[in-house]
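Each chain, written out:
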Amino acid sequence: MNLDVRSLRTFSRLAHSGAEKAAGSLTTLAGIDTYVNVTKVELGTKTDVENEFAERDLVSVNIGFSGGLDGRTILAFSPESAERLVDALVPGMDPTSGDGELAASSLKEVANIMLGGFIDGWADYLDTSIDITTPTYVDEDSGGPLEEVETDGFEHREDERILVFRNQLEAADDAIGFDLYMVPTSQSIGTIVEASGDDGALPVESFAAFSEMICDGANQASDDITAMTGIDTAVEVSRLSFVPIEGVPMSLTDGVRRGVVLEFTGTPSGYIAILFDEPSAENIASSLLPGMEADEAMRQSAIQEIGNIVTSGFLDGWANALETTIEISPPRHVHDIGSAIVDPLATDLAQSQEYAFLIDSTIRTDDDEFTCDIYALPDENELRKALEQLSPAA
Amino acid sequence: MQVYTTDTPTSTSGRIKVGIADYAVDSDGGSLTTSGLGSCIGVALYDPDSGVSGLAHAMLPEADPSGDPAKFADTGIQSLLSEMQDAGADPTRVVAKLAGGSTMFDFTSANGGESIGDRNVESARKTLERLDIDIVAMDVGGDHGRSLELDTSTGDLRVRSAKAGDQIL
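Please read all numbers here as calculations on a predicted model, not as lab measurements. Each chain has its residues counted from 1, following the order in which its sequence is written. All chains are assigned letters beginning at A, and all ligands numbers beginning at 1, according to the order in which they are written. In keeping with the predicted nature of the model, local features appear solely for residues at pLDDT of at least 70, side-chain atom pairs appear and are counted solely at 80 or more, and the whole-chain, interface and lining totals rest on all residues.

Chemist: Quick rundown of the sheet that holds strand 6 (residues 95-100) of chain B? Include the residues and the values.
Modeler: Through backbone hydrogen bonds, the strands of a sheet pair up, either in parallel or in antiparallel fashion. Residues and elements named next belong to chain B. Pairing between strands requires that DSSP locate at least two bridges from one strand to the other. Secondary structure elements follow DSSP: runs of H or I of four or more residues count as helices, runs of E of two or more count as strands, with numbering from the N terminus. Strand order across the open sheet formed by five strands is 2-5-4-6-7, with mixed pairing between neighbours. At either end of the open sheet lies a strand with only one pairing partner, and these are strand 2 (22-26) and strand 7 (134-140). For this sheet, the mean inter-axis angle between neighbouring strands, taken without regard to orientation, is 15°. Relative to strand 5 (residues 53-58), strand 4 (residues 41-46) runs antiparallel, the two sharing six bridges. The partner of I41 across the bridge, within strand 5, is A58. Note on contacts: residues are paired as contacts if their backbone-placed C-beta atoms lie within 7 Å. For helices, the fitted axis covers only the stretch in contact; all axes are lines through C-alpha atoms, and the angles between them, taken along N-to-C directions, range from 0 to 180 degrees. Against the sheet, helix 1 (residues 73-86) touches strand 2, strand 4 and strand 5, its axis set at about 160° to strand 5. Relative to strand 4, helix 2 (residues 116-130) is tilted by about 25°, and along the sheet it contacts strand 4, strand 5, strand 6 and strand 7.

Chemist: Describe in detail the UniProt feature "domain: CheC-like protein" (unreviewed entry) in chain A, supporting the description with residues and values.
Modeler: UniProt positions are given in the numbering used here, feature names are shortened, and annotations may be inferred rather than shown by experiment. Per the UniProt record, the feature "domain: CheC-like protein" (unreviewed entry) sits at residues 298-334 of chain A. In residues 298-334 of chain A, helix accounts for 65% and strand for 14%; the two terminal C-alpha atoms are 14 Å from one another.

Chemist: Tell me about helix 1 of chain B, and name the residues and values.
Modeler: Residues and elements named next belong to chain B. Multiply 1.5 Å by the residue count of a helix minus one, and that product is the helix's expected span. Between the first and last C-alpha of helix 1 there are 20 Å, a value that for 14 residues agrees with the 20 Å anticipated at 1.5 Å per step. With C-beta atoms placed from the backbone, a residue counts as buried when 20 or more other C-beta atoms lie within 10 Å of its own, as exposed when 12 or fewer do, and as partly exposed for counts between those limits. When we look at burial in helix 1, the residues that qualify are A73, T75, G76, I77, L80, L81 and M84. Next to the buried residues of helix 1 lie strand 2, strand 4, strand 5 and helix 2. Looking one or two residues past helix 1, G88 carries a phi angle of roughly 110°, positive in sign.

Chemist: So, the nonpolar core: which residues are in play, and what are the values?
Modeler: All names here are of chain A. Core analysis: the biggest nonpolar cluster contains 161 residues, and A273, A356, I374 and L377 have the highest contact counts within it. With ten residues, helix 1 (residues 5-30) is the largest single contributor of residues to this core. Just so you know, the domain bounds were taken from an automatic or database domain assignment. Looking at which domains feed residues into this core, each of domain 1 (2-195) and domain 2 (202-390) supplies at least three. Sequence-distant contacts of I374, that is, excluding residues within four places in its chain, are made with A218, A221, I272, I274, V310, F314, D360 and S361. In this description, a nonpolar core means buried residues of the types Ala, Val, Leu, Ile, Met, Phe, Trp, Tyr and Cys, linked to one another by C-beta atoms lying within 7 Å.

Chemist: Could you give me a rundown of the domain arrangement of chain A, with the residues and numbers involved?
Modeler: Frequently, the measure chosen for interface size is the accessible area that the parts lose on association. Residue and element names in this part refer to chain A. Split by domain assignment, chain A resolves into domain 1 (2-195) and domain 2 (202-390). Each partner contributes residues to the interface: domain 1 has 17 residues there, and domain 2 has 19 residues. For the side of domain 1 that touches domain 2, the elements supplying multiple residues, two or more each, are strand 1 (2-3), helix 1 and strand 2 (34-45). By residue number, the principal contributor to the side of domain 1 that touches domain 2 is strand 2, which donates eight residues. By the convention adopted, Pro, Cys, Tyr, Trp, Phe, Met, Ile, Leu, Val and Ala count as nonpolar, Lys, Arg, Asp and Glu as charged, and the other residues, Gly among them, as polar. Of the residues contributing to the side of domain 1 that touches domain 2, the split by class is six nonpolar, five polar and six charged.

Quick look at the structure:
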């Protein structure tokens, strides 16, 4: 399986227009305003997808597709969102009583319409016909979201790299959030890559090697946080995705975050933002300055110090794997609206690229009391060069 | 590519979200919101007589011919105004409010030139001047982020900031 930036752009456009069709279908069906927030193309493993569903307790409906393309689409909701959606569709239904069946069938109906619209968009682009199966409802008690897929002969090894198309949709003033996933078979990915013109595609192993590098970096950063602060953290997610550049700030909320922003230069160059929510930032300050009445300047310097450590942990592995030197600027302290912090970084890159490779990692404690998000935005052309370096043929 | 469609179906909730590199028009007295303006520029246009209002969130100052018009301040404002005219606004009555365009970081890649935030503000001003639209209020520049909410029934633009507090333009 080979991938190139041009096909990634095609994937992104397709996934986005499919998601808009899906959002439009729900608006028409239920009169609930539905928007597509961000469309991401991610390279992950089956285990990553399964873990995410388990951690977020997602309720989902699956639909398989075959014909011109083969694979699976999944519409996933948090249990709260599923409840609100059912309430909007069938007001007054009690999802905890015997109406459970009814609730599941309303969600299936929604999924059928939304996912059907989504797949139509892809079929139009490829000028082919794609058949869809009837929807299957999966809650936290059933097998994993990809379980059903396996029985259809669509098998993935646990560690096999799969392309996941993730679309965040929001409805009714953010009260209802959906994730619309599409997981095509690798053969189908080949079909799409061919349709979009294969110029200088890189083997998927290069992207996989880079993803692993990111995971190692995130683990190192997590260990460093634990060593410095005594807060026992672990990496919750760490992923590489391909997004329209304006989707980068839109991946963050407008909640207030504190942290640092740095610039790195080398192959690749780019930006890193390390952001904490306010309680986590407080936690860091108090664990680095134990028993002290810390003033604002001291807090800022504690955050900067941890920012430096996390950045080196995160990037050192890259420099080693890529056999290059990556220089990092001094960390600038930030305390602002999350999406606004990342906006100037994305905007700077937007001058020369329409899409971005976004690396995002979340490091947190088991009880979620401490959360650190790392966002890295490498220059697209330079990252491509770096990936060539990682290519097995190089 | 636009992240939010500008041809959003008629709002049932009275609140329309405007994404980044996007704009939207409302004529039903609801509100238009956008978040996370750093160096980006927010442009609110309001026709007090017809009640047709619009909000644009542009990333870069000047259009690149192959790009989506909504991404750039110059073409974004132009497109927003055309859509407002289609919805019944009279451009001679339309007034503008600007917010955003901050310079949050002074990275080396800026090469000592004018920041993107400043260039965004400048481009929005020039475009509005060319279209003969008065800027009646502004909260631009600085080193902080902003989120906006335009009340289309009054033309009030609420600017939220984590650092500078809230204000109404």
